[in-house]
Structure formats: C-alpha cells, structure tokens
Amino acid sequence: MTMMLTRRHLLLAACAPLGLRPAWAQAAWAAIESAARGQTVYFNAWGGSERINAYIRWAGSELRRLHGVALEHVKLADTAEMVRRVRAEKAAGRSDGSADLVWINGENFLAMKREGLLFGPFAEALPNYRYVDIDGKPTTRIDFAEPVDGMEAAWGMAQLTFYVDAARAPLPQPTGVAGLLDWCRAQPGRFSYPKPPQFIGTTFLKQVLAELGGDRAALARPYTAEAFARLTPPLWTALDRLHPHLWRGGLQFPASPGALRQMVSDGELAMGLTFNPNEAANEIAAQTLPPTVTSFQPRAGSIGNTHFVAIPFNARASAGAQVAANFLQSPLAQARKADIRHWGDPTVLALDKLGPADRALFSASAGAPGMVREPAPVWPEPHGSWVEPLEAEWLRRYG
Amino acid sequence: MAQAHVLSAGVRGGQALARVAAGLLFALPLAAAVPLALHEAADAGAWRALASDPQTLPAAWLALSSAVLGTAIAAALALWLTTALHGSPAWQRLSAALAPMLALPHAAFAIGLAWLVAPTGAIARALAALLGWQAPPPWQSVNDPWALGLTAVLVFKELPFILWNMAALLARPEVAADIERQVAVARTMGYDRRSWWWRVGWPQWSPRLAWPLLAVLAYALTVVDLGLIIGPGSPPTLAVLAYADLQAGSPARNARGAAATVLLALLLACTVAAVAVAWRVGAAAWRRAATRGRRPAPARHGSAGAGWAAPALQVVYALVGVTLLVLSVAGVWTFPAAWPQSLTLEAWRQVHAAADSVGFTAALAASASLAALVLTVAWLEATPPRWDRRASVLVLAPLVLPPLLLMAGLYQGALYLRLDGSWLGLAWVHTLVVLPYSFITLQPAWRSFDPRYEPVALALGRRRWAFWWRVKWPLLAAPLAASAAVGFAVSVAQFLATQFLGAGRHATVTTEAVTLASGGQRTLAAAFALLQALLPLAGFAAAAWVRRRTMHR
Amino acid sequence: MSLALHSVTIALHDRVLVPPLSATVADGEVLVVMGASGSGKSSLLSYLAGLLVPPLQGAGRVLLGGRDITPLPVEQRRVGLLFQDDLLFPHLSVRDNLLFALPAGRRADRLAAAEAAIAEAELPGLGDRRPSQLSGGQRARVSLLRALLADPQALLLDEPFSKLDTALRERMREFTWRELRQRAVPAVLVTHDRDDAPAGATVVELPPHA
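Residues numbered from 1 in each chain as written. Chains lettered and ligands numbered in written order. Predicted model: local features only at pLDDT ≥ 70, side-chain atom pairs only at ≥ 80, totals over all residues. Heavy atoms only, no water.

### Focus: the side chain of Thr-498 of chain B
Residue and element names in this part refer to chain B.
Working step 1: With respect to the helices, strands and loops of the structure, Thr-498 is situated in helix H23 (residues 496-501).
Working step 2: Take Thr-498: its relative accessible area is 1%, and that puts it in the buried class.
Working step 3: Within the structure, the side chain of Thr-498 is placed 3.2 Å from the side chain of His-430, a separation counted as a polar contact.
Working step 4: Among all residues touching Thr-498, those that are not within four sequence positions of it are Leu-426, His-430, Ala-503, His-506, Thr-508 and Thr-511. (Helix = DSSP H or I, 4+ residues; strand = E, 2+ residues; numbered from the N terminus. Buried < 20%, exposed > 50% of the residue type's maximum accessible area, 1.4 Å probe, protein only. Polar contact = N/O pair within 3.5 Å; in protein donor to acceptor, adjacent residues only side chain to side chain. Contact = heavy atoms within 4.5 Å.)

So this is what it looks like as structure tokens:
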C-alpha cells in the first residue's frame, strides 16, 4: 500500500529539523501505538551473528515492556530470501504477509521500492525521526543513490573497514589500493575478500573502483553501458595485478565475511574486511578474534552507507512494525547498539540533537582494542544499478 | 500365494478409504509440485541465462563427478566389506556399529571432518608440532576446487547407509539361510566364499541395492548444505548455484535457479540411464567370466584388512564427534596452538537460550514420523502385495526428485492454499519427505510377516482390528520403532523443507545451524551440529531399547 | 576312489549325536544313513563335507581314495553336496549353472560337456531356461548333474528326494543311482524314508536320543 506524499508529510518533514511535532501528528502516533499493543511483529533480519541476535532479543523484551508489542526475530541467511518471499506473496495475491518488519538496504531496497512491495511512507512520521542526523549523514536519506522517501527508517551506519592481525603482519597498514597491492606482494596468500555477489565483496569492488576510477560523481548516476566501459578498466587491471598474491592465488574466495573472519582468527589469513567499523573490537571482546587485531580504513575515504528497517506492503502488524521501528531509532536502543559490549554498530542519530541525559547514554566505548584509530571520510555508495553489472563482470572474469 | 479368504465389505471399504487417503495426502501434492516448479523454469530466458553463465558447465561437472565418484566408491567399499566380512563375527560387529553413524547428520559430520583436514585443522597442527611450522600450510583440503572434500564426506556418510541396507537385506531369515546353503554348495565345488560372492551372490542380490543407491546418487547430486560447508567455491556445485539463485532477490535469477534444478533432474536421469545400459552390457560379460570355472588359489584366506573396517570407521566418526565438542567451546584458536587460547561456554549458553527451537524440532519430527508411520501402515495393510512394485515407484519418488525442485513447487502450492508458514503445512511437508524412509524401513518386515497368523486369529473368532492391535503390531514392534526412529532423524535433518515451507516463521535446530554457519560462527555451528546429532541418536536409542525388549521370546 | 570313515562321531555339548561310525564306500556304491529328525544325520554329512560349525563337534578320520581329507578345508576336499532344495542359482540359466560347476578348460569342451549333461537330464533345448521355469523333477535332475559335473570324488546327499512328489521319486532314484554308477562316485545318502535306499546298499541306523 504505497501512499502519495501528502501535505501532512511535507509539513512533518519541515518541522522535523526543528524538533517540533504538530499536535495532530502526536495524536496520529498515539493511535498507532494503541493499535500496536498486543500485536506480534515478525522481524526478518539476518541471523548470522549471535551478537546481533542477542541485541534483537533485548529489543524484543524492551518493546514488550514499553509498548506491549511482541517481536519475533526471523533469522535469515540472506535478506534476498525475504524479498523473494514477499514478491511471491504479492504474485499469489496474499494481503497477509509473513514479514512485518525487515532489515534492508541497497539493491534489495531498490527492488522492493520499485516493485511496490513496501508499506509507507512512514519513516518521517516516527517520533524519533527528529533525532536522526540527516545533515551529517546524508546516506540516511539517499540509499544507494536512490531517495528513501520515507519508505524505510534508518537504523545504523556502516563503513568499509579493514582489520589486520598485527602479530602476523608486522607491516605498516596499507593506506589505499596501491598500498594494498604492496602489502599483498610482501605477504602473499594472507588476504582475500568475500566472493561477489556477497555484498561485502561487491563493496570491495566498489571501493577499488571509486579510488581508481576517479569519477565518483558518475558512479552516483544510474548505470549505463558507456559509463561502465569508460570507468571500470582500471578496476579490472588492478584486480588482475592483485589476485595472484591473494589467498589461494585468487582462484578461490571465501564465501562470506564470517568465513573470512574465522580464517583471520585461525591464522590462515592476516587481514580481512568488514562493514562494521567496530566489528573487530566487538569480536575481540567476544573472544573470537585475537587481541592483536587492529582496524583501519583507507585514508582518502571508504564507502559507507546506512542500513534501514522497512515494512512490507502486506504486513499484518504494520502498526506494531512502526512502533518497533521507532523504538529501534530511540536513543536508548541506539546507544546500546553502538556499545561494543553488545554490537558496536554506529548510530544514525545526531548527538547534538539529543538532551544531555540521552547523550550520556552514548558514553565511551572509544579506545577499546581493535577500534579504528583514524576514521576516514565516508564515501557514498554508487547507484544501486551498478551492482549487478559489476558482479556479472567479476564472475565472468574470475568466477 | 494370494490371500484366499474373503474380505468383508467393511474391510474392503476401509482399505479403499486408506488408499484414497494415501493418494490425496501424498500423491497429489507430489504430482502438483513438479509442474509448479517446472512452470517457474519454463522461461526461455532463464535457460539462455543458464547457458551463457560461465559457471554452469564447471558447476554441473563438479556436481556430477562428486556424486558419481562418491556413490561409486561407497558402493564398492560396501561390496568389498560385505564380501570379506559376511558370515564371520566381524560382520555382526560392523552391523551393530552402523546405527550411531547413520544418526549423525551429514552437515554435522562435514563440519567436523572439515576442521580435521583444514590447513589450520587438527592434522595440520599435529604436523606443525612435528615439523616446526609457524604458518599454516597452503593446502587446498577444504573447499577444494575439485570437490574432493565433498566426495570424501559423501563416501564416509553413505557407506554406513548402504551397509545398513545390505545388512537389513541379508539378515532376513530366508535370505540368510539361502545364502549359507548356496555358499556350502559352491564351496564343495571348490570355490571359496569370496568367489561365491563375486560369481553368484552379487549378481543375484545387487539389484536389491538399486533403490538405495539411486537415493544416494540423487542426494549427492542435489545436496546444498554439504556443498556450502565443504564443497568448492569458485565455481560451486550446480546444486549450490541453483540454491543461491532461487534464494536471490531478482526474479530473473530465481528463474535461472529453477532451470538449474531441472537440469539437475535431467543429469540424474541421464546418469541412471547410463548405469542401466552399462549394467545390461556388463551383466552378460560378467556371467561369462563367472562361469569360466577357474577355481581360486587355495591360499587366499583372511579378510585382507577388512577386519579393520568397522574399527576404522568408528574411529573416524569418534574423532569427528570429539572435534565438534572441542570446537563448540573453543574461542580464539590460532595456528599452530595445540589447544585453544581461550575457552568459552558462550555457544552452549546460546543453545540453552534456543531451547524453544529444540522443543519445536522434536515436536515437529515426532508428529511427522508418527503421521508417516500411520500412513505407511495403512498402505501396507490396505494394499495387496502385488501393488507393491507400483507403489514403490510412487513412494520413493520424493527420494529421487531433486529437493530444490520439490520444495519450490510445494511452496507455490502452499501459497495458494494459505498453508505457508503454518504449522500444518510444515508438518505435512515433513511427513511427505519422511514417508519414503518409513516405507523402506517397514515394508520388508511387513511383507515377510507370516501370513498364516491372520486366518488362525480370525478362525479363533477375533475381529480383524483386534488381531492387528493385539497380535500383529506387537510382534512387529521392533520394525515399527526402527521406522519411527528413522523418520524422526530424517525430519530433524530437513533444511530446505523448513526453509521454504516455514516461510521464516518457524526455525528448527537444523535451520539455525546452517544460518549460523553462514555467518562463519564456527563455535556456534559446532554446538548446534552436536544438538542436531543428539536428537536422532535419542530416537535410535529408543528404537534399540524396544528391539531388545521384544527380542526375548 | 573309495570313501572311508574311521570312527566318525558327532557330539553337541556333552551329548553324543552320532556314535563312532566306521564304514567304507566303494565306487558307485551308496551308504545309507537313517534316523529320525534331529538325530544328527545332517550333521554327519556336514562333518564329512567339512562344514561342521560349533557348537557341534566332530571327531574321526575321513579318507578319500587313501587321502586323509580330515584336516583339509571344504574347497579342497572334492566332496560334493546335494540338499533337499535344488539350490540352483536362480539368476543363471541351466547351462550357466552347469558351466559354473565344470572345471576350467577350453570353452568349446566345456560347452560340449554342458550340452551332454543337458541331454542326459532329458531336457533337450531347455539349456537357456531359468530354474524357475522348470518343473520340480527337472530341477532335481539338473541339480544332481551340476554336482557331478564338478567332478567330485564323493557325493553326499541330504534327503534329496523328500521334496519331490511320490511319482517322481522313483524315477529320480533310478536316475541318481545310474549316474553315480556311471561316474563311479561313492555316495553317502541321509534319509528317513527306507524306500530311498537302493538295493544292496549298506544301511546304518542312528539310534534315537535319550
């Protein structure tokens, strides 16, 4: 059920930066809250990390306590499963769907928005939207160069980050792609990246392309064959030079970032990739990475984005889902999420928009072992339509 | 010998009802699933995409080679072991050792074995201690591009299954007696036991292995979770490729995945046809060689190492079990340390927190195996033995249809019937999958039940229902319990069925394990793998207890 | 090649089933051992063939053509065995069953020998049939000839006629004694039917158990 942008939404959007909420908006929200009480929300989210699963369990207990909403975590191995399921339900004419809230971003969001598989717009009507850092973090409103239009609510930040086991690789950290090539030459077989179309592997490709291709603005525009042919040759040349020095000579690639991390932990690899800048710190605290691991980002900048939660068009508990989305954006939930003792996922909120009590919740996990010492600028993602051609070409060359 | 007594109208009606029920609940969904799945693959663009994908051909080759090689090696080993050990006490020991091996799920075994042979695994660390390595060796033992790791796991897991089928067949009293006398006759003619097997025994009995071997081949060709854990990565096997496509977000890729599953079915059909032709051609030549009359040299005695087979298999399985246990509590364990740098109970705490899914898995498996048992008994009671051959084809169909094809089709059907994500739909599909195993396990015992008991009981004035309840089924308690245990194990190990039909609403221990493995959480994956193994083991232990209780007569 | 038994006795645990038996069987002659069911007569044959397994125990020497075969394994004794059931291999044709038994040699010679045996069994043209396609009497004749084609130096028969109809039995007995005389093979026959014994054969009665 897609709704057109109404004047109400425009008014809300105008009020949001001022931290104001009109009275009618508050009344509408109260109605949603009372409708949500007693509902069960099926939250379809990736379940491959027990830390994240534990956080979601905590969120569920808080939601039950505060709003009487039951949150069921449906663990997915891949978000695309859910997309496929919602699409199949729409094709079968089902208005009662199996998912109420989904964890999503990027090309999956693009597909769902285009095919009318999403409920909304709802995100800008959430009470906690006024705290979201839409100025400092533009990716909260543009997802893979596609306007969000309130169809998904920002949840956390991600940025491509490398982590290296200093005990096994006593070399200076590479500062960019060129440095990476030198590092791999000096330490053959000790680095690899997940095989595309796994999205972190694809992000690595995008990172190299952004660094070498030179024209990041062109990447923000939709894909054209001409632009592809013009911009990507440096990427393939760099990979051709890099692959022989990778793990297994670049003929095989780990299937997932989790497998990659396991290999760094075991000592088979010395360097890995992740999308969560705090993941290494997180894993060290959880005793799944050795304490000698440090994180770093390419100095000029690395690709980053926001990840969101969205509501499928046929959600049975859309009110409950909105309440859940709102809670996930609340300072309480965001602070716990950012704490590396629990998850370490950076917040989407602007700390200066919060009151002093809320701001204090975000106290330090800074300086923990494994955290990034010198954060680099965030580069926006290329347009979502570049993903498939990049993956297809990579598979053609190296798959 | 046909049943000569007249059946009352009531019984005939009941039998007809049972047949209709079996047909509706079983045959109809199967028959509907295949066209639904094929419909998705009927897109020409999907086939073009499949043909133009450079991964398709190598992936198909890897799937075929690992499946055929794995099945062939397992079958050859099974034949060799039976030839060498049958008739001696070692055979009893081997047969007894098989049940726990069958109970360990394939995925769990793969996780353990993968760690044993990995470049940072147990064997590598042992060698590092001996040879002073500091860095892991550049082995390609796990996820190797030739699918050898996958083949090895298949051999280790399918060998007990084939042997178990063999043991069940050879243990039947009429078969066992017949074999012993044939062996006696052959020995008096100057042939030894082993010669008898190759010249007379196998040509006679190996056609009985056709269905189990077909099931093994079909499984090996279409297995997904094994391919994910230990199979090649670039390119993966065709089944893994198809699964990735079917789970992807874009409809074009879904269609390509559907086309790939149809391709898998075609590959299976072609392989079976090739084997059938080779069998025909080879059988005649084999017969000529077998009747050439050359007696074996007298000094060829001793089992040539086969006596070590049972202990060796048990050692491997025990090692895998211990590995899983250690992995489930290991924190950071960098090469070349012989013991983990840190131990953690986190994984088991999570398992404890996931107790709901354990209960759910057990309840689902119990219902599915019970329902399958009831259906199987109803079918066996209701149909005359001459229907069995036709029934076998139908009942065994789910074993040989690629599960991806079947599940995709059943999911489409469930969507229209609004059964997706419901407990009923899930239980129903699990029952469907369990039914062939239930039938295979129960049918031999049922058909070899002495048919004379029944007329005697009826002549004594008992009604047929009382006869079943008080005479027949208690006598068959051990096979019934074994069938239930097998069904229970099969249901617990189901991944695709729960994945598709549960629509994400329901999680079992197996889906949790595979999802966690997808995140690379080896500690958790090991803990869940152990959990995955414990449930069927409990089932088999219960069945063994029933068998011991009913043996003392 | 005569068959000689020296004090052959069979015991089960502490009970003696067959008291020490000594006898000599000349070529073409038959020793008939009689007794009630379970009296141990089949066990006696097993001992002679070398197939006796615990808990049964046997003692005594067995000589075949002067050669002591007691310590030899079954495969080397050259003693044939015939059961009540014909035990023809069901997946092989009649000819293939016979070829199985024949010693190795030139293919043409073996085929000729098999054809001769088929003719002797009065089954012309049925060489390609499977055992299941033959009648009981036909199967019994093929079974006997198969045992004899293996060129044994002695033949043991365990109630071979009991599964045949009365009408066939006489015919089969005549056929059997004729073949044995023709090939000069000593035989031991175990039965519970007195009519099975050929004329002039030595008959040993096993005592019933206490």
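### With respect to the sheet that holds strand E9 (residues 293-296) of chain A
Residues and elements named next belong to chain A.
Working step 1: Spatially, E8-E7-E9 is the arrangement adopted by the three strands of the open sheet, whose pairing is antiparallel. Looking at the sheet topology across the chains shown, the edges are occupied by strand E8 (271-274) and E9. Strand-to-strand twist in this sheet, taken as the mean axis angle between neighbours without regard to direction, amounts to 25 degrees.
Working step 2: Here four bridges tie strand E7 (residues 161-165) to E9, and the two strands are oriented antiparallel to one another. (Pairing = 2+ DSSP bridges. Axes fitted to C-alpha atoms, helices over the stretch in contact; angles between N-to-C directions.)

### Brief notes about the domain arrangement of chain A
Residues and elements named next belong to chain A.
Working step 1: As assigned here, chain A comprises domain 1 (2-156 + 306-364) and domain 2 (159-304 + 375-398).
Working step 2: Put simply, the middle of domain 1 and the middle of domain 2, counted by C-alpha atoms, are 29 Å apart.
Working step 3: The interface of domain 1 with domain 2 comprises 15 residues on the first partner and 16 residues on the second.
Working step 4: Taken together, the connections running from domain 1 to domain 2 amount to zero salt bridges.
Working step 5: Along the contact surface separating domain 1 from domain 2 lie four residue pairs in polar contact (both at pLDDT 80 or more).
Working step 6: Among the elements that line the side of domain 1 that touches domain 2, the one with the most residues is helix H5 (residues 106-114), at three residues.
Working step 7: Residues that form the side of domain 1 that touches domain 2 fall into these classes: seven nonpolar, three polar and five charged. (Domains from an automatic or database assignment. Salt bridge = Lys/Arg side-chain N within 4 Å of Asp/Glu carboxyl O. Nonpolar A, V, L, I, M, F, W, Y, C, P; charged D, E, K, R; others polar.)

### Focus on the interface of chain B and chain C
Working step 1: Taken together, the contacts link 27 residues of chain B with 25 residues of chain C.
Working step 2: Taken together, both faces of the contact between chain B and chain C bury some 2,300 Å²; the carbon and sulfur share is 64%.
Working step 3: Measuring nitrogen to oxygen at the nearest pair gives 3.0 Å for the salt bridge that ties Arg-187 of chain B to Glu-75 of chain C.
Working step 4: Where chain B meets chain C, there are eight residue pairs in polar contact (both at pLDDT 80 or more).
Working step 5: Elements with a minimum of two residues in the side of chain B that touches chain C: helix H8 (173-188), helix H9 (193-205) and helix H13 (251-290) of chain B.
Working step 6: Broken down by element, the residue count for the side of chain B that touches chain C peaks at eight residues, all from H8 of chain B.
Working step 7: Along the lines of polarity and charge, the residues of the side of chain B that touches chain C split into 10 nonpolar, six polar and 11 charged. (Buried area = accessible area lost by both parts, 1.4 Å probe.)

### Focus: the pairing of E8 of chain A
Each regular strand carries side chains that alternate between the two faces of the sheet.
All names here are of chain A.
Working step 1: Here E8 shows two buried faces, one formed by Met-271 and Leu-273 and the other by Gly-272 and Thr-274.
Working step 2: Examined bridge by bridge, E7 and E8 share four bridges and lie antiparallel to one another. Among the inter-strand pairings, Tyr-163 is bridged to a residue of E8, identified as Gly-272.

### Things to note about the arrangement of the chains
Working step 1: Most contacts, compared over the two pairs of chains touching, are made between chains A and B.
Working step 2: At their nearest point, the C-alpha atoms of chain A and chain C are still 51 Å apart, with no contact between the two.

### Examining the nonpolar core
Working step 1: Membership of the largest hydrophobic core comes to 219 residues, with the highest contact counts inside it found for Trp-196 and Leu-238 of chain B together with Leu-98 and Leu-155 of chain C.
Working step 2: In this view, Leu-98 of chain C contacts Ala-114, Ala-117, Ile-118, Val-142, Leu-145, Arg-146 and Leu-149 of chain C; residues no more than four positions away in its chain are not counted.
Working step 3: Of all hydrophobic cores here, the second largest spans 52 residues; its members include Trp-183, Ala-210, Ala-238 and Ile-303 of chain A. (Core = buried A, V, L, I, M, F, W, Y, C linked by side-chain atoms within 4.5 Å.)

### Examining empty space enclosed by the protein
Working step 1: If you walk through the whole model with that rule in mind, you get seven cavities of 30 Å³ or more.
Working step 2: Taken together, 44 residues form the lining of the largest cavity, with His-106, Tyr-219, Tyr-437, Val-490 and Gln-494 of chain B sitting closest to its centre.
Working step 3: It is helix H10 (residues 210-222) of chain B that contributes the most residues to the lining of the largest cavity, six residues altogether.
Working step 4: Classifying every residue of the lining of the largest cavity gives 34 nonpolar, seven polar and three charged.
Working step 5: In this structure, the second largest cavity encloses a volume near 80 Å³.
Working step 6: Taken together, Phe-162, Pro-174, Thr-175, Gly-176, Val-177, Leu-180, Phe-204, Gln-207, Val-208, Glu-211, Phe-296 and Pro-298 of chain A form the lining of the second largest cavity. (1 Å grid on protein atoms, 1.4 Å probe; cavity = no way out; pocket = protein on both sides within 12 Å on 5 of 7 lines; lining within 4 Å. Points joined across faces, edges and corners; volume = space filled by probe spheres on them.)

### Some words on the packing of aromatic side chains
All names here are of chain A.
Working step 1: Applying the stated rule across the entire model yields 33 aromatic pairs over all chains.
Working step 2: Among the aromatic residues, those joined into a cluster by ring pairs are Phe-162, Phe-191, Tyr-193, Phe-204, Trp-236, Phe-253, Phe-296, Trp-394 and Tyr-398.
Working step 3: The aromatic ring of Phe-313 is capped on one face by Lys-90, whose charged end is 5.4 Å from the ring centroid.
Working step 4: Across the ring face of Trp-379, the terminal group of Arg-216 is positioned such that the distance to the ring centre comes to 4.0 Å. (Phe/Tyr/Trp six-rings, centres within 6.5 Å; stacked < 30°, edge-to-face > 60°. Lys NZ or Arg CZ within 6 Å of the ring centre and 35° of its normal.)

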